[in-house]
Amino acid sequence: MYDRTQPVRVVIETKSMIVAEFLSFFELGKHIQGCIDHFPENTNAEEIYAPMLTYMDTCRHNNELHYIKVSDFNTKGMPYEERNTNCPFYAFVLSRGVSAKENQASGGSFGFGKAAYFNMSRIRTVFVSTMMQGGMTVFEGVASLCTHTYEEEEEARTSMGYYDNNGGNPVVNPEKIPTPFKRKEPGTSIYIMGVDNHVYKMAEDDKDFLVHDYIRNNT
């Protein structure tokens, strides 16, 4: 139960995803390739997205993708209401440059702090899983790439893409949230998918190295 008299607790963990158990997630590689294909004369696109493809191939070869899980406790979670663009979950996961906080003077109130999570990811992808005080759970994965083509489609896709099993909408049925990403008590977990080896090692050695920035942007 949320208790204002007690501090927020933050837990940082290093985890691994088994590739063979999440094959649909690795369709992301086709979207990354599409970022290169859509800008064939742009060397910057090649420099940014080719290493992502190499990373994805390495993960497939090793059947493992490392990620960092940042979870808070003694918090309210991020409320979500379908088609409500002012709710916190929508602001954090589905929008850019805005946020929805009870106190608009809070740090990160313009919504730019969340970019740090994408920047830490080798594939610019994060998962977000939250549980509210009433027990409602919400899950969504989001990748921040660039405008791109996808396989043989003629129309270009937007830069933002979502990973779920709910037709492109956040997953609200707890039975459909993958077990490794399911909250068991109120609060929010952010999963930074695909991290550099040195960042992964830092997280293993020093669990506090992200805490200050996380608390500043999420409480």
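The coordinates are above.
Residues numbered from 1 in each chain as written. Predicted model: local features only at pLDDT ≥ 70, side-chain atom pairs only at ≥ 80, totals over all residues. Heavy atoms only, no water.

A.B. asks: Give me the lowdown on the packing of helix H1 (residues 28-38) against helix H2 (residues 43-62), citing residues and values where you can.
C.D. replies: Orientation of H1 relative to H2, taken along the N-to-C sense of each, is 160°, at an axis distance of 9 Å. When the interaxial angle is binned, H1 and H2 end up roughly antiparallel. Remark: the crossing between H1 and H2 carries left-handed chirality. Between H1 and H2, the contacting residues are Leu 28, Gly 29, Ile 32, Gln 33, Cys 35 and Ile 36 on the first element and Ala 45, Glu 46, Tyr 49, Ala 50, Met 52, Leu 53, Met 56 and Arg 60 on the second. Taken together, the residues of the contact of H1 with H2 break down into ten nonpolar, two polar and two charged. (Axes fitted to C-alpha atoms, helices over the stretch in contact; angles between N-to-C directions. Helix = DSSP H or I, 4+ residues; strand = E, 2+ residues; numbered from the N terminus. Parallel < 35°, antiparallel > 145°, perpendicular 65-115°, else oblique. Left-handed = near helix turned anticlockwise from the far one by under 90°. Contact = heavy atoms within 4.5 Å. Nonpolar A, V, L, I, M, F, W, Y, C, P; charged D, E, K, R; others polar.)

A.B. asks: Any details on the pattern of salt bridges? Residues and values, ideally.
C.D. replies: Enumeration over the complete set of coordinates arrives at six salt bridges. A salt bridge links Arg 157 to Glu 153, with the shortest nitrogen-to-oxygen separation between them at 2.7 Å. The structure contains a network of salt bridges with shared partners spanning Glu 13, Lys 15 and Lys 69. (Salt bridge = Lys/Arg side-chain N within 4 Å of Asp/Glu carboxyl O.)

A.B. asks: So, the layout of surface pockets: which residues are in play, and what are the values?
C.D. replies: Considering only enclosed or pocket space, the second largest pocket measures out at about 370 Å³ in volume. Surrounding the second largest pocket, 19 residues form its lining, Leu 28, His 31, Gly 161, Tyr 162 and Tyr 163 being those nearest its centre. Here the element with the most residues in the lining of the second largest pocket is strand E5 (residues 160-163); it accounts for four residues. For the lining of the second largest pocket, the class distribution of residues is eight nonpolar, eight polar and three charged. (1 Å grid on protein atoms, 1.4 Å probe; cavity = no way out; pocket = protein on both sides within 12 Å on 5 of 7 lines; lining within 4 Å. Points joined across faces, edges and corners; volume = space filled by probe spheres on them.)

A.B. asks: Which residues make up unusual backbone geometry, and what are the values?
C.D. replies: Despite not being glycine, Asn 74 shows a phi value in the positive range, around 60°. Here Asn 74 lies in the loop between strand E2 (65-73) and helix H3 (88-94). Overall, the relative accessible area of 16% leaves Asn 74 in the buried class. Within the chain, Glu 151 stands out as a residue other than glycine whose phi angle is a positive 50°. (Buried < 20%, exposed > 50% of the residue type's maximum accessible area, 1.4 Å probe, protein only.)

A.B. asks: Outline the sheet that holds E2, supporting the account with residue identities and numerical values.
C.D. replies: Strands sit in the order E1-E2-E6-E3-E4-E5 across an open sheet of six strands; the sheet is antiparallel. For this open sheet the edge positions go to strand E1 (9-17) and E5, each flanked by a neighbour on one side alone. Sheet twist, expressed as the mean angle between neighbouring strand axes with direction ignored, is 20°. The pairing of E1 with E2 spans nine bridges and is antiparallel. Bridging from a neighbouring strand, Arg 9 pairs with Phe 73 of E2. Each of E2, strand E3 (121-131) and strand E6 (187-195) is contacted by H2, which is oriented at about 65° to E3, the strand it contacts most. (Pairing = 2+ DSSP bridges.)

A.B. asks: Break down the packing of aromatic side chains for me, with residues and values.
C.D. replies: Two numbers describe a pair of aromatic rings. These are the distance of the centres and the angle of the planes. Under the criterion given, the structure shown has 13 aromatic pairs. Plain terms: the ring middles of Tyr 67 and Phe 181 are 5.7 Å apart, the flat faces sit at 45° to each other, and that makes the pair tilted. Here Tyr 67 is found in strand E2, whereas its partner Phe 181 is found in the loop between E5 and E6, with 114 residues between them in sequence. Where Tyr 67 meets Tyr 191, the ring centres are 6.0 Å apart and the plane angle is 65°; that geometry is what we call edge-to-face. You can see Tyr 67 sitting in strand E2 and its partner Tyr 191 sitting in strand E6, a full 124 residues away along the chain. A relative accessible area of 3% means that Tyr 67 is categorised as buried. Assessed through its relative accessible area of 1%, Tyr 191 is described here as buried. Directly above the aromatic system of Phe 73 lies the positively charged group of Arg 9, at a separation of 4.4 Å from the ring centroid. Its guanidinium or amino end placed over the ring of Phe 73, Arg 183 lies 4.6 Å from that ring's centre, counting from NZ or CZ. (Phe/Tyr/Trp six-rings, centres within 6.5 Å; stacked < 30°, edge-to-face > 60°. Lys NZ or Arg CZ within 6 Å of the ring centre and 35° of its normal.)

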